[in-house]
Amino acid sequence: MDFKQIVSHAKEYGFIYQSSEIYDTLAAVYDYGPNGVELKNNIKEYWWRSMVQRHENIVGIDAAIFMHPKTWKASGHVDAFNDPLIDNKDSKKRYRADVLIEEQIDKLEAKAEKEINKAAKRFGEQFDREQFVTTNDRVLRYHGEKEALARRLAEAMKKNNLEGLKQIIEDLQIACPESGSRNWTDVRQFNLMFSTQLGNIAGEEGKLYLRPETAQGIFVNFLNVQKTSRQKIPFGIAQIGKAFRNEIVARQFIFRMREFEQMEMQFFVRPGEEMEWYEYWKDLRIKWHRAIGTPQEKLRFHNHDNLAHYANAAVDIQFEFPFGFKELEGIHSRTDFDLASHQELSGKKLQFFDPELEKSYVPYVVETSIGCDRMFLAMLSQSLQEETVPDADGKESTRIVMKIHPAIAPIKCAILPLVKNKPELTEKAKAIFNDLKFFTQCQYDEKDAIGRRYRRQDAIGTPFCITVDFESLDDESVTIRDRDSLKQDRVHVSKIQDVLRDKINMESLLRSF
Ligand code: ATP
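What you see is a predicted model, and the numbers here were worked out from it, not measured in a lab.

Caption draft 1: Here's a closer look at helix α17 (residues 496-504). Residues of α17 that are buried: I496, L500 and I504. Buried residues along α17 cover an arc of 20° about the axis, so they all sit on one side. Tucked inside the fold, the buried residues of α17 contact β19 (413-417), α14 (423-436), β21 (464-468), β22 (477-482), β23 (488-492) and α18 (506-511).

Caption draft 2: Fine view of the site of the ligand. Lining the immediate surroundings of the ligand are 16 residues, of which E247, R256, M257, E327 and L328 lie closest. Here a nitrogen atom of the ligand sits 2.8 Å away from a polar atom, N or O, in the side chain of E247. At 2.9 Å, a backbone N or O of G371 approaches an oxygen atom of the ligand. Contact with the protein chains hides 86% of the accessible area of the ligand, taken as 590 Å² for the molecule alone. Those elements that provide at least two residues to the shell around the ligand are β10 (259-269), β13 (324-335) and β16 (364-371). Counting residues per element, the shell around the ligand draws most heavily on β13, at five residues. Considered class by class, the residues forming the shell around the ligand number five nonpolar, five polar and six charged.

Caption draft 3: Representation of the sheet that holds strand β5 (residues 94-96) in the model. One open sheet holds the three strands; their spatial order is β5-β4-β6, and the pairing between them is antiparallel. The sheet is open, and its two edges are formed by β5 and β6 (188-191), each paired on a single side. The sheet shows a mean angle of 45° between the axes of neighbouring strands, taken without regard to direction. Both strand β4 (residues 82-87) and β6 contribute to a ladder of four bridges, which runs antiparallel. When the sheet's bridge partners are listed, D83 is paired in β6 with F190. Contacts from helix α5 (residues 97-123) reach β4 and β5, with the element oriented near 65° to β5.

Caption draft 4: Main features of empty space enclosed by the protein. Applying the stated rule across the entire model yields one cavity of 30 Å³ or more. Empty space within the largest cavity amounts to approximately 40 Å³. Taken together, S50, M51, H55, W281, L284, R285, W288 and F513 make up the lining of the largest cavity. When residues of the lining of the largest cavity are assigned to their parent elements, the largest contribution, four residues, is made by helix α11 (residues 274-291). For the lining of the largest cavity, the class distribution of residues is five nonpolar, two polar and one charged.

Caption draft 5: Fine view of the pairing of β23. Sheet analysis places β22 next to β23, joined by five bridges and oriented antiparallel. In the strand pairing of β23, R481 is matched with Q488. Where β22 folds back on β23, the antiparallel hairpin that results is connected by five residues, among which L486 adopts a positive phi of roughly 65°.

Caption draft 6: Spatial organisation of the sheet that holds strand β9 (residues 235-244). The strand order β3-β9-β10-β16-β13-β12-β11 describes an open sheet built from seven strands, whose pairing is mixed. Two strands bound the open sheet, and with one partner strand each, they are β3 (58-60) and β11 (299-303). Pairs of neighbouring strands in the sheet enclose a mean axial angle of 25°, with direction left out of account. As paired strands, strand β12 (residues 313-321) and β13 are joined by nine bridges and run antiparallel to one another. Note that in β13 the partner of Q318 across the bridge is E327.

Caption draft 7: Representation of unusual backbone geometry within the structure. That bond from I233 to P234 is cis: its omega, 5°, falls within 30 degrees of zero. Inspection of the secondary structure puts P234 in the loop between α10 (222-229) and β9. One non-glycine residue with positive phi stands out, namely F253, at about 60°. Looking at the element boundaries, F253 is found in the loop between β9 and β10. Unlike most non-glycine residues, E358 shows phi in positive territory, near 55°. Looking at the secondary structure, you find E358 in the loop between β14 (352-354) and β15 (359-361).

Caption draft 8: Structural detail: the environment of Y361. Structurally, Y361 is set in strand β15. Taking the C-alpha atoms as reference points, Y361 and P271, separated by 90 residues in sequence, lie 8.1 Å from one another. In this structure Y361 touches I233, V269, R270, P271, Q351, F352 and D354, once residues within four positions along its chain are discounted.

Caption draft 9: Layout of the packing of helix α2 (residues 34-53) against α11. Relative orientation of the contacting elements α2 and α11 amounts to 140°, with a least axis distance of 12 Å. Judged by the inter-axis angle, α2 sits oblique to α11. The way α2 lies across α11 gives a crossing that is right-handed. Touching Y46, W47, S50 and M51 of α2 are W281, R285, W288 and A291, all from α11. When grouped by side-chain class, the residues that make up the contact of α2 with α11 number six nonpolar, one polar and one charged.

Caption draft 10: Representation of the packing of aromatic side chains within the structure. Applying the stated criterion across every chain yields a total of 25 aromatic pairs. Taking 6.4 Å as the distance between ring centres and 70° as the angle between the ring planes, the aromatic pair formed by F15 and F376 counts as edge-to-face. Linking F15 in the loop between α1 (3-12) and β1 (16-18) with F376 in helix α13 (residues 372-383), this pair joins segments that are 361 residues apart in sequence. When sorted by exposure, F15 lands in the same class as F376, which is buried. An angle of 90° between the planes, with centres 6.3 Å apart, marks the rings of F219 and F268 as edge-to-face. Of the two residues, F219 is situated in helix α9 (residues 215-220) and F268 in strand β10; the sequence distance between them amounts to 49 residues. Note on accessibility: F219 and F268 belong to one class, buried. Here the aromatic residues F3, Y30, F253, F255, F319, F321 and F323 are joined through ring pairs into a cluster of three or more. Positioned above the aromatic ring of F513, the side-chain terminus of R54 is 4.1 Å from the ring centre. Here R285 stacks its cationic end above the ring of W288, 4.2 Å away from the centre of that ring.

Conventions we followed
Along each chain, residues carry numbers from 1 onward, in the same order as the chain's sequence is written. Totals for whole chains, interfaces and linings use every residue, but because this is a predicted model, local features are given only for residues with pLDDT of at least 70 and side-chain atom pairs only at 80 or more, for both listing and counting. For side-chain calculations, the full set of non-hydrogen atoms in the structure is used, while hydrogens and water are omitted. Only protein chains enter the calculation, and the probe is 1.4 Å; a residue is then buried if its accessible area is under 20% of its type maximum, exposed if over 50%, and partly exposed in between. By the criteria applied, helices consist of DSSP H or I runs no shorter than four residues and strands consist of E runs no shorter than two, each listed in order from the N terminus. An arc is given here, and it is the one of the directions from the helix axis to the C-beta atoms. Residue contacts follow a heavy-atom distance rule, with two residues in contact if any of their heavy atoms lie within 4.5 Å. When we say a residue is near a molecule or strand, we mean one of its heavy atoms is within 4 Å of it. The definition of a polar contact used here is a pair of N or O atoms within 3.5 Å, where within protein one atom must be able to donate a hydrogen and the other to accept one, and adjacent residues in sequence count solely through side-chain atom pairs. For accessible areas, the Shrake-Rupley method is used with a probe of radius 1.4 Å. Any residue's cover is judged against the shown protein chains and nothing else. Note on residue classes: Ala, Val, Leu, Ile, Met, Phe, Trp, Tyr, Cys and Pro are nonpolar, Asp, Glu, Lys and Arg are charged, and everything else, Gly too, is polar. By this definition, two strands are paired if DSSP reports at least two bridges between them. Orientation is described by lines fitted to C-alpha atoms, with helices fitted over the stretch in contact, and by angles between N-to-C directions that extend from 0 to 180 degrees. Lining residues are defined by having an atom within 4 Å of a point belonging to a cavity or pocket. Those points lie on a 1 Å grid over the protein atoms alone, cavities being sets where a 1.4 Å probe fits but cannot get out and pockets being open sets with protein on both sides within 12 Å along at least five of seven lines. Grid points are joined across faces, edges and corners, and a volume is the space filled by probe spheres set on the points. Each angle receives one of four descriptions, namely roughly parallel if under 35 degrees, roughly antiparallel if over 145, roughly perpendicular if within 65 to 115, and oblique otherwise. Left-handed describes a crossing whose near helix is turned anticlockwise from the far helix through less than a right angle; right-handed describes the clockwise counterpart. Pairs were defined over the aromatic rings of Phe, Tyr and Trp, the Trp ring being its six-membered one, requiring ring centres within 6.5 Å. Orientation was assigned from the angle between planes: stacked under 30 degrees, edge-to-face over 60, tilted for the rest. Remark: a charge is flagged as sitting over a ring if the NZ atom of Lys or the CZ atom of Arg is within 6 Å of the ring centre and within 35 degrees of the ring normal.

Set out below in structure tokens:
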């Protein structure tokens, strides 16, 4: 399905609504509806149990959104959490200068891909991609231009060279996507943190920030957690929570929001061992994505050309969203930057005494950081499909089906009486529902013809539909319909849980990688 269809499906089926819709919405803020909150909770559960439950050396916390303002001074966010913005004087639209340039880089890659795909079609089975990419003149030119531009952008970003960014925009003759005009302002820095004011202290002193990342709640609690959980290095602290960023360009639905949720884990290691752990977490995080059914070809690593002020290595796990490969998760080797800065600014020691090395040190940190909402969008976009299937009467019809892993599907099974106006059927179906609701998230539905009810469940990804028909009254059995294969099995009522358990169970998923 294309991106537009995904967005409207998300609204129509109660996954995601725009915030404050009756007041014409609040840009880049979204609310999760009844199916959305179930799916989001399941994604969070999958992450939490993979991180915390599966690792005896990872523990969780839930820190507050507000933190002492000095936190953000120490972390570098007050001085350096900026995006370079540029305004178009004619359209009055505001853009991120680096994003405008990145779009040009993507265009060059797309041009190269087009040549490669054309050749692949022409040569068929004999096509040698590697050879073509390294010898074809056009592809070499596009790739060369792309790399040169990426280097130029990285250089300007690293040196905070705002004139340099403007110069690239002028050299490439980038036009405003809205108006086509090239009448740009200078590039300026814009801090992404939202601020608010404490009630009892006036002025700068009382200025508070809404946290732009959850990580700092973990760093400032490093010693509290290490001591109270008696962990030894290496160990990790995990957290799921809201983060806020005053994004300049907030487009692409829940991909870039001003209020969003992060799932972050900071792993504390001995200095010098961080690269081994960095590789370990890269590998494990890809396995996590693969286990939930994300195809390998939709995932790729993308090394940062432009390292953040705190990192000595950083990679994104990119996912192929409907608008191209974009960052889904970041894995960063943050050195001792955060703990050392908090130690310096607070005057409190944030060190670990390593009994094996018999010395104290500020640990190094490898973090994995994924946006829950981006993961949600990745799940929607990879699992929503339109397909042709045989109807009950043998004809063909199209259905929209969400082929999502059963363990994270919002509703695990629907219980449907074949028809609504036969009390013996509805009573039996309700009795089954009233039992199964203690086992898993179920829905009872008797409205409309059975075919339409199946379609409704397909559209929200319900892996199993249980139909109660007239035979059920005699033989105590029901039909269980599988969402993906459409296979229907006759099962005794007492065996329903056994049939469902293995497929919808998070445990099997957690054991699978
Ligand atoms: P981007 O380059 O896309 O702005 P980032 O590199 O600033 O992202 P991080 O600071 O590494 O992002 O944050 C970790 C994760 O949090 C990202 O991988 C992403 O999944 C998520 N995230 C960051 N910003 C947003 C946002 N505005 N809306 C939704 N999710 C976000």
